[in-house]
Amino acid sequence: MAGSSPATGVPGSRILMGVIGRPHGVRGLVRVTSYADDLTRYRWLSDDRERRFVLRWRGEGIAEIAELIDGNEVKVADRTAAEKLINVRLYVDRAQLPEPEEDEFYLADLIGLVAFDTSGAQLGRITAVHDYGAGASLEIAGETSAIVPFTRACVPEVDIASGRVTVALPVDVTAGTSQVAGSEGRAVARSHR
Amino acid sequence: MARSVWKGPFVDGYLLNKADAARASGRNEIIRIWSRRSTILPQFVGLTFGVYNGRKFLPVQVNENMVGHKFGEFSPTRTFTGHAGDKRARRT
């Protein structure tokens, strides 16, 4: 993310959506690494120098790119021009993203928020959001390092505008390994069939 | 070769005891486990486990669709978080 305060979720910040890679062929096509569902959904993408680009997919990861100059699209037409765009990072303004549904949050909004516990003590900052198919979880680093499930019970309050979340840290219960696993496991499993 | 059906699903026995205790307590708990090899059983649905991936305990909120899978499937050991882009997370 670029051009944003430490609370990266503040509206008006820009979100990194992709990077232009090497040219493809001699007609100005480029390879683009996309971090978005569909980069062409956005009206235009901007780079670090505030240039605006319009992108159209022409194949798997290959795009035709045009620069917006005074509202007119100037197509990148040859390989030499495309080579000048290698490693250009493409951003969209946060305001361009569609509104998320209720209880849905953009990862870009969540990362960087300051976490407080229910008594108001600061825990740290959200550094990552994990989701591997078993529900999202927030990784908090700082005074307290923790990974908490992104549930109403554990994260009762998310206030993106003020850059803070309230976290009710769950109780950690350690399941010991005092019993023999193999035969014990089979026996238990059979009795539960 | 697939596991013989007559054996039933494999699960480390102590997980069942912990699951029962967590359900009875009714608290907001994460059960930390190292047993990535255990099968997720129907009696685990609704509970949250912290499954160790070699570095940290990743929360796994068990739902019906996960029954029959192993805990380890939901706690990858090699991760690249990538860029946030326009990805969204849903609070459940």
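Residues numbered from 1 in each chain as written. Chains lettered and ligands numbered in written order. Predicted model: local features only at pLDDT ≥ 70, side-chain atom pairs only at ≥ 80, totals over all residues. Heavy atoms only, no water.

## Details of the overall build of chain A
When helices and strands are tallied, chain A shows 3 helices and 15 strands. Counting all 193 residues of chain A, 47% fall into the buried class. By sequence separation, contacts in chain A at least 24 residues apart represent 46% of the contacts at least 6 residues apart. A total of about 9800 Å² of accessible surface is found on chain A, and carbon and sulfur atoms cover 46% of it. (Helix = DSSP H or I, 4+ residues; strand = E, 2+ residues; numbered from the N terminus. Buried < 20%, exposed > 50% of the residue type's maximum accessible area, 1.4 Å probe, protein only. Contact = heavy atoms within 4.5 Å. Areas by Shrake-Rupley, 256 points an atom, 1.4 Å probe, with all protein chains shown as cover.)

## Some points on the confidence of the model for chain A
Residues and elements named next belong to chain A. Confidence in the prediction of chain A, expressed as mean pLDDT, is 82, and 84% of residues score 70 or more. Within the model, the stretch residues 1-11 combines pLDDT values under 50 with 26 contacts to residues more than four positions away or in other chains. Of the regions scoring below 50 in pLDDT, residues 178-193 engages in 28 contacts with residues more than four places distant in sequence or in other chains. (pLDDT = per-residue confidence, 0-100.)

## A few points about the sheet that holds strand β13 (residues 157-159) of chain A
Either a parallel or an antiparallel arrangement is found when strands of a sheet pair, and the pairing is made through backbone hydrogen bonds. All names here are of chain A. One open sheet accounts for 6 strands, arranged β12-β11-β10-β9-β14-β13; its pairing is mixed. The sheet is open, and its two borders are formed by β12 (146-149) and β13, each paired with just one other strand. Shown here is a sheet whose adjacent strand axes are inclined to one another by a mean of 35°, direction ignored. Bridge count between β13 and strand β14 (residues 164-167): 3 bridges; the pairing is antiparallel. Looking at the pairing, V158 lines up with V165 of β14. (Pairing = 2+ DSSP bridges. Axes fitted to C-alpha atoms, helices over the stretch in contact; angles between N-to-C directions.)

## Concerning the interface of chain B and chain A
Contact with chain B, which involves 47 residues of that partner, is made by 63 residues of chain A. Summing both partners gives a buried area of about 4600 Å² for chain B against chain A, and 56% of it is carried by carbon and sulfur. Broken down residue by residue, the surface that chain B buries against chain A is led by D86, R88 and R91 of chain B, which jointly contribute 19%. Run the count over chain B and chain A and you get 6 salt bridges. The closest approach of N and O atoms between R90 of chain B and E101 of chain A, which form a salt bridge, is 3.0 Å. Inspection of the region where chain B meets chain A yields 16 residue pairs in polar contact (both at pLDDT 80 or more). Breaking the side of chain B that touches chain A down by element, the ones donating at least two residues are α1 (13-25), β1 (29-33), β3 (57-61) and β4 (88-90) of chain B. (Buried area = accessible area lost by both parts, 1.4 Å probe. Salt bridge = Lys/Arg side-chain N within 4 Å of Asp/Glu carboxyl O. Polar contact = N/O pair within 3.5 Å; in protein donor to acceptor, adjacent residues only side chain to side chain.)

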